[in-house]
Amino acid sequence: MEDPKSVAPISRSKSTYVVDFEPPEKERIRLNTQHGVFVENTGHLLPPAIPDHGNLNAVADIATGTGIWPTQLSELLPSTVILHGFDITDRLFPDPSTIRKNVSFSLLNVLEPISETLYEKYDVVHIRGLSFVLKTEEWDVVVKNVAKIIKPGGYLVWNETNPGSTQAIPPTKVASQGAALLGYMCKLRGGDPFCCNSIPNHLKNNGFVIIPPPVLNTSTRPIPEYAPVTTPAADTRFYIHVVGGEFKPETVETWSRNYVSGLCSIVSYMAQNDVRNEWFTPETAGEFVEEFLKETGEGGSKIFFDLITVIGRKKI
Ligand SMILES: C[S@@+](CC[C@H](N)C(=O)[O-])C[C@H]1O[C@@H](n2cnc3c(N)ncnc32)[C@H](O)[C@@H]1O
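Just so it is clear, the structure is predicted and the values come from calculations on it, not from any experiment. (Residues numbered from 1 in each chain as written. Predicted model: local features only at pLDDT ≥ 70, side-chain atom pairs only at ≥ 80, totals over all residues.)

A. Inspection of the overall build of the protein at higher detail. Each helix and strand counted, the protein has 7 helices and 10 strands in total. Of all 316 residues assigned to the protein, the portion counted as buried reaches 44%. For the protein, restricting intrachain contacts to residue pairs at least 6 apart in sequence, the fraction spanning at least 24 positions comes to 80%. (Helix = DSSP H or I, 4+ residues; strand = E, 2+ residues; numbered from the N terminus. Buried ≥ 20, exposed ≤ 12 C-beta atoms within 10 Å, placed from the backbone. Contact = placed C-beta atoms within 7 Å.)

B. Structural detail: the nonpolar core. Of all hydrophobic cores here, the largest spans 79 residues; its most connected members are Val 59, Ile 62, Val 125, Val 146, Leu 156 and Val 310. Broken down by element, this core gets its largest block of residues, 10 residues, from helix α4 (residues 173–188). Setting aside chain neighbours within four positions, we find Val 310 in contact with Trp 158, Ile 199, Pro 200, Leu 203, Arg 237, Phe 238 and Tyr 239. (Core = buried A, V, L, I, M, F, W, Y, C linked by C-beta atoms within 7 Å.)

C. Just the pairing of strand β5 (residues 150–161), in detail. Burial analysis of β5 places 9 of its 12 residues in the buried class, the great majority of the element. The parallel pair strand β4 (residues 122–128) and β5, bridged by helix α3 (residues 138–149), forms a crossover whose chirality is right-handed. The sheet contact formed by β5 and strand β10 (residues 307–314) spans 7 bridges and is antiparallel. Within β10, the position partnered with Asn 159 by the bridge is Thr 309. (Right-handed = clockwise from strand over helix to strand, strands pointing away. Pairing = 2+ DSSP bridges.)

D. Geometry of the confidence of the model for the protein. A residue-level look at the protein finds 86% of positions with pLDDT of 70 or above and a mean pLDDT of 87. Within the model, pLDDT remains below 50 along residues 1–14, and this stretch shows 14 contacts once partners closer than five positions in the same chain are excluded. Counted against residues more than four places away or in other chains, residues 217–234, with its pLDDT under 50, gives 30 contacts. (pLDDT = per-residue confidence, 0-100.)

E. Region of interest: unusual backbone geometry. For the bond from Ile 169 to Pro 170, the omega torsion is -10°, close enough to zero to count as cis. Tracing the sequence through the fold places Pro 170 in the loop between β6 (167–169) and α4. Even without being glycine, Asp 52 reaches a positive phi, approximately 55°. Among the structural elements, Asp 52 can be located in the loop between α1 (24–42) and β1 (58–62). Judged by C-beta crowding, with 7 C-beta atoms within 10 Å, Asp 52 ranks as exposed.

F. Geometry of the environment of Glu 137. Following the sequence through the fold, Glu 137 ends up in the loop between β4 and α3. Assessed through the 11 C-beta atoms surrounding it within 10 Å, Glu 137 is described here as exposed.

G. Quick look at the packing of α1 against helix α6 (residues 249–272). The geometry of α1 relative to α6 is characterised by a closest axis approach of 10 Å and an angle of 145° between their N-to-C directions. Crossing of α1 over α6 shows left-handed handedness. Taking contact as the criterion, the partners of Arg 30, Thr 33, Gln 34, Val 37, Glu 40 and Asn 41 in α1 are, on α6, Thr 251, Thr 254, Trp 255, Asn 258, Ser 261 and Gly 262. The residue makeup of the contact of α1 with α6, split by class, is 2 nonpolar, 8 polar and 2 charged. (Axes fitted to C-alpha atoms, helices over the stretch in contact; angles between N-to-C directions. Left-handed = near helix turned anticlockwise from the far one by under 90°. Nonpolar A, V, L, I, M, F, W, Y, C, P; charged D, E, K, R; others polar.)

Encoded structure:
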């Protein structure tokens, strides 16, 4: 495979999120479907490690996308709990007339210093889905910025997926090549395909105590083998680790179909931007997608990646 470092880096737009060139409605469906499968497989919106959900004052969701996480959480919490969704763009924010009055959305770039008016405001900050967005050196910036808006004793709940853990099960030629695209693109854009493994260290280094997994959790399983781009965390300390291929059976079809559609968007992005790779050219991208859809269609390979949750409690 060509060394991604030899390819010119993709220029950085306002958002660093590759699939945001898709029409908002398509992206909304993809993110909301992914949210449903994530919640089904991890078992909750807000983990039970966070005590006393009904007595929270304020909860924030960073890089909220469609805002589905705070919107659904507001339906489970008393109306006295304030929920704020933040994102670098408002293009997927929900229509305010469709959500509860205690939920609101604002623009915020989490890579920039956050306004002091938000310092120590939140009992819980939730983040999900930045593994394909952040460059390796940006994870620490995000943790440092976000730590400031959490109350002492408050929680950071980080849900993620390792782009490099994407796999086709059973592996077939083009399904596996399609699955490898996410890790390849992540690396090409300056990210770490196994970035999730270092989240607990970023938290520990920035004033958080890691909440250990519940006793009966699956996270005692070893993490899959991989070739890390950066030094992996010695101790992953995931609160939850749902290994790709061990999703709830009823979620597999939906997850894989949704994910295949996202990967097809990435192929089209790569073709349009002439991103060099060993699998297709702008001219053969159409055939690649056709074969990828065939191999991952009914009765074929399914595409997975690991889902993880890390929880840190800010020291008092
Ligand atoms: C994969 S989506 C995840 C959306 C949502 N958290 C979810 O799980 O459904 C990534 C989100 O990160 C947002 N984003 C990208 N760069 C950002 C930044 N610097 N600050 C805040 N949000 C950002 C994108 O606009 C997009 O909504």
